[in-house]
Every structure is written in structure tokens, then in C-alpha cells.
Amino acid sequence: GLTERLCGRIDRVDYCEDASEAGAAQSVAILDYKLSNKISQADVRDFVDMQIPVYLFAAPSVVPGEAIPREAFCRTIRKCEGSQPVAQFDRESYAAWRERFVSILFETVERIRGGDFRAKPAKDCPPFCIGRGICRMNGGRLDYLDEQHG
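Residues numbered from 1 in each chain as written. Predicted model: local features only at pLDDT ≥ 70, side-chain atom pairs only at ≥ 80, totals over all residues. Heavy atoms only, no water.

1. Remarks on helix 3 (residues 91-113)
Filter applied, for reference: By definition, any uninterrupted DSSP run of H or I lasting at least four residues is a helix, any uninterrupted run of E lasting at least two residues is a strand, and each is numbered from the N terminus. Here the expected span of a helix is defined as 1.5 Å times the quantity of residues minus one. For each residue, the accessible area found with a 1.4 Å probe, counting protein chains only, is set against the maximum for its type, and the residue is called buried under 20%, exposed over 50%, and partly exposed in between. When checking whether two residues touch, look at their non-hydrogen atoms; a contact exists if any pair is within 4.5 Å. Whenever a nitrogen or oxygen atom comes within 3.5 Å of another N or O atom, the pair is scored as a polar contact, on the condition that within protein one atom can donate a hydrogen and the other can accept it, and that pairs from neighbouring residues in sequence are kept only if both atoms are in side chains.
The end-to-end C-alpha distance of helix 3, which contains 23 residues, comes to 33 Å, matching closely the 33 Å that a straight helix rising 1.5 Å per residue would cover. Within helix 3 the residues assigned to the buried category are Tyr94, Trp97, Phe101, Leu105 and Val109. Lining the buried residues of helix 3 we find helix 2 (51-62) and strand 3 (68-76). Where helix 3 begins, the capping side chain belongs to aspartate 90, and its oxygen is found 3.2 Å from the backbone nitrogen of glutamate 92. Of the residues trailing helix 3, glycine 115 is marked for its positive phi of about 90°.

2. Re helix 2
Helical periodicity: at 3.6 residues per turn, an α-helix aligns residues three or four positions apart in one direction. Taking 1.5 Å per residue as the helical rise, helix 2 with its 12 residues ought to reach 16 Å, and the 15 Å between its terminal C-alpha atoms agrees with that figure. Residues of helix 2 that are buried include every one of Ile52, Pro53, Val54, Tyr55, Leu56, Phe57, Ala59 and Pro60, and no others. Structurally, helix 2 contributes buried residues whose contacts are with strand 2 (27-34), helix 1 (41-45), strand 3, strand 4 (84-88) and helix 3.

3. Some details on the layout of surface pockets
Empty space among the atoms becomes apparent when a probe as large as a water molecule is rolled across them. To be explicit about the condition: Site definitions follow a grid-based scheme: protein atoms alone, a 1 Å grid, a 1.4 Å probe that fits but cannot get out for cavities, and for pockets an open set with protein on both sides within 12 Å along at least five of seven lines, plus lining residues having an atom within 4 Å of a point. Grid points are joined across faces, edges and corners, and a volume is the space filled by probe spheres set on the points. Each residue receives one of three labels: charged for Asp, Glu, Lys and Arg, nonpolar for Ala, Val, Leu, Ile, Met, Phe, Trp, Tyr, Cys and Pro, and polar for the others, Gly being one of them.
Estimates place the volume of the second largest pocket at around 330 Å³. Taken together, 17 residues make up the lining of the second largest pocket; nearest its centre are Leu6, Cys7, Val54, Phe57 and Ala58. Put simply, the parts of the chain that give the lining of the second largest pocket at least two residues each are helix 2 and helix 3. Considering every element that reaches the lining of the second largest pocket, the biggest residue donor is helix 2, with 7 residues. Looking at the lining of the second largest pocket residue by residue, the classes come out as 10 nonpolar, 3 polar and 4 charged.

4. Some remarks on the side chain of lysine 34
Following the sequence through the fold, lysine 34 ends up in strand 2. Engagement of the side chain of lysine 34 in a polar contact is seen with the side chain of aspartate 32, the distance being 2.8 Å.

5. Some words on the nonpolar core
Rule in force here: Only buried Ala, Val, Leu, Ile, Met, Phe, Trp, Tyr and Cys residues count toward a nonpolar core, and they belong to the same one when joined by side-chain atoms within 4.5 Å.
Among the nonpolar cores identified, the biggest contains 23 residues, and Val44, Ile52, Leu56, Ala72, Trp97 and Phe101 are the most heavily contacted of them. Elements represented by at least two residues in this core include exactly strand 2, helix 2, strand 3, strand 4 and helix 3. Top element by residues in this core is helix 2. It accounts for 6 residues. Apart from residues no more than four positions distant in its own chain, valine 44 is found in contact with Ile39, Ile52, Pro53, Leu56, Val86 and Ala87.

Okay, structure coming up:
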């Protein structure tokens, strides 16, 4: 099968107290600290933002005891807002989610290997984005640039 190497650093992993059967793998909560912008549950669920999904996927391999992720949180540092879960699982829903994630991850890798580097955001760029003028996420912008530089 296809193998890919992913790199990253999970900010924090906490073991959860499980009311599970003796001998079952523990579960963990993953916490990601952000400077200003939170990631939404929808962005994680729909794989718009892949950082938290990659952490959720990797957790059983990198956390001692092959602990299963039970939830993930994002917390903004600048605004000092509380943490709200962006993902929550039981063992069965995590297994189903993991299968779907692997499929989407490898589709993305194959697209990139094929030379397709187009941005595919689910929403418009934020007004503060420094790449707004050259971004190719919107076909109209690409057409505009082609017209300008013919």
C-alpha cells in the first residue's frame, strides 16, 4: 500500500479517565493552541482544516498505549477564550472517521503528486490574507491575472 510521512507537533495531549472495560485502550484529548483564529467543528468534520484531523489520526501511533482520541479542542491564546471541542468520538465513531480521513488524505496526496496545487478552500479568503491578490482559489482571479499578463 501507499505510505506517506507526516510531520507535526501536537501542543498538548491529556489522558482521559474512561469508564471502560479493564484492559481496553485509554482515550486522550488533544488540545491545540492558536494565536487568534479558532478552528470550527465544521472545519474539522469536513476536513477544511487538516491540522487537527492529522493529529487525531496520528494519536494512536504516537501516544504511549495506543490511546484512542476521544476529543480535540482548540484554544486561542490572544483572546483567552475557553476551549470548546472541535471533535468528539466514541470508539466506533472514531474508527469510521479514521477510515474517511485516510481516504481524503490519500486523495489529497495523489492530487498534489499529480501536480495539482490549487487552493480548495470551502469559503472565501479572509480580507487580511496577504496572498489575496495572487491566490488561485477563485478562477476569476486566475482569469484576471491571465488577461493582465497575457
